[in-house]
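# A structural walkthrough
Single-letter residue listing:
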Amino acid sequence: YGMWNTKLGRFYNQGKEDDFQYFFGLSHEQSDYTDYGTEDSWLHMQDDPDYRKTKLYGRAKYDIEPGRESISIFYNYSAHTGDAGRPNRGYDHDYDLLNAAYSNKLSDTWYLTSRAGLRSYDREWEEDNYPDLSLRETDSVKQTIVPLDFTAAYSGFGLLTFGTDMQFADYETGAEVAGVR
């Protein structure tokens, strides 16, 4: 035990065409990491733990009227999957993040910006009955957050900024024990 055996691959691209700009990328990492428990510890492992992480991300921006008005969108996805080095200690976590923005320079002194987003977290993991290692339960957390923001700025005699923001959230936990949720 203790062999990391890490593999990592990445891809990235960016560009601009007239009033459109973008970037996107992805990466994948896979690794076996070392046993961090000791003999007769609930952290002790029977095999090299398996760890996989995948990321996908990108942003696009379009200048509706260059220097005055634009829209943009950003997305990020991450997945972490694997196990903690013994039966019934697997995990599967997915994370999504989405942002959208609109900006408008109404005049030489007035600016408006609005933003909206989405955060989604979906995590699931197994727990065993150490020391017999049978499946005790599968736990989960699901969370969704929606942030909203609106800002106006006036720059006639300095800078005066005002706005409002809010967010909506939903959070749910769960446990499945012996097939009952």
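This text gives an overview of the structure that appears in the document. (Residues numbered from 1 in each chain as written. Predicted model: local features only at pLDDT ≥ 70, side-chain atom pairs only at ≥ 80, totals over all residues. Heavy atoms only, no water.)

## Side note on the side chain of Ser 72
By the element assignment, Ser 72 lies in strand β4 (residues 69-83). Not counting the four nearest positions on each side in its chain, Ser 72 is found in contact with Arg 59, Ala 60, Lys 61, Asn 99, Ala 100 and Ala 101. (Helix = DSSP H or I, 4+ residues; strand = E, 2+ residues; numbered from the N terminus. Contact = heavy atoms within 4.5 Å.)

## Quick word on the sheet that holds strand β3 (residues 50-65)
The 8 strands are arranged β1-β2-β3-β4-β5-β6-β7-β8 in an open sheet whose pairing can be described as antiparallel. Only two strands of the sheet have a single partner each, and these edge strands are β1 (7-17) and β8 (160-176). Ignoring strand direction, the axes of neighbouring strands in this sheet form an average angle of 5 degrees. (Pairing = 2+ DSSP bridges. Axes fitted to C-alpha atoms, helices over the stretch in contact; angles between N-to-C directions.)

## Quick word on the packing of aromatic side chains
Across all of its chains, the model carries 9 aromatic pairs by this definition. Centroid distance Trp 110 to Phe 162: 6.3 Å. Interplanar angle 80 degrees. Geometry classified as edge-to-face. One end of the pair, Trp 110, is in strand β6 (residues 110-128); the other, Phe 162, is in strand β8, and 52 residues separate them in sequence. (Phe/Tyr/Trp six-rings, centres within 6.5 Å; stacked < 30°, edge-to-face > 60°.)

## Some points on the pairing of β4
Two elements, β3 and β4, share 15 bridges in a ladder whose sense is antiparallel. Bridge pairing in β4 links Thr 54 to Ala 79. Hairpin connection, β3 to β4: the antiparallel pair is bridged by 3 residues, and Gly 67 has positive phi, about 80 degrees. Here 15 bridges tie β4 to strand β5 (residues 90-105), and the two strands are oriented antiparallel to one another. Looking at β5, one finds that Ser 70 is bridged to Ser 103. Hairpin connection from β4 to β5: 6 residues lie between these consecutive antiparallel strands, with Gly 85 at a positive phi of about 90 degrees.

## Some details on the environment of Trp 125
Within the element layout of this structure, Trp 125 appears in strand β6. The spatial distance from the C-alpha of Trp 125 to the C-alpha of Thr 138 is 5.7 Å, given a sequence separation of 13 residues. Sequence-distant contacts of Trp 125, that is, excluding residues within four places in its chain, are made with Gly 90, Tyr 91, His 93, Glu 137, Thr 138, Asp 139, Ser 140 and Val 141. At 3.3 Å, the side chain of Trp 125 and the side chain of Glu 127 are in polar contact. (Polar contact = N/O pair within 3.5 Å; in protein donor to acceptor, adjacent residues only side chain to side chain.)

## Points about a nonpolar patch on the surface
Where nonpolar side chains cluster on the molecular surface, the patch consists of Phe 11, Phe 24, Leu 26, Leu 56, Ile 73, Tyr 75, Leu 98 and Leu 118 and spans about 640 Å² of accessible area. Contributions of two or more residues to the nonpolar patch are made by β2 (20-32) and β4. By the secondary structure assignment, Phe 24 is in strand β2. (Patch = residues over 30% accessible without salt bridge, like charges linked within 9 Å, V, L, I, M, F, W, Y side chains within 5 Å. Areas by Shrake-Rupley, 256 points an atom, 1.4 Å probe, with all protein chains shown as cover. Salt bridge = Lys/Arg side-chain N within 4 Å of Asp/Glu carboxyl O.)

## Looking at the pattern of salt bridges
Counted by the stated rule, this structure contains 9 salt bridges. In this structure, Lys 53 engages Glu 29 in a salt bridge whose closest nitrogen and oxygen atoms are separated by 3.7 Å. Residue Lys 53 is found in strand β3, and its partner Glu 29 is found in strand β2; the two are separated by 24 residues along the sequence. The class for Lys 53 is partly exposed, based on a relative accessible area of 22%. Between Glu 127 and Arg 136 there is a salt bridge, with its nearest N and O atoms 3.9 Å apart. Classification of Arg 136 as partly exposed rests on a relative accessible area of 37%. Linked by salt bridges that have partners in common, Glu 127, Arg 136 and Glu 137 make up one network. (Buried < 20%, exposed > 50% of the residue type's maximum accessible area, 1.4 Å probe, protein only.)

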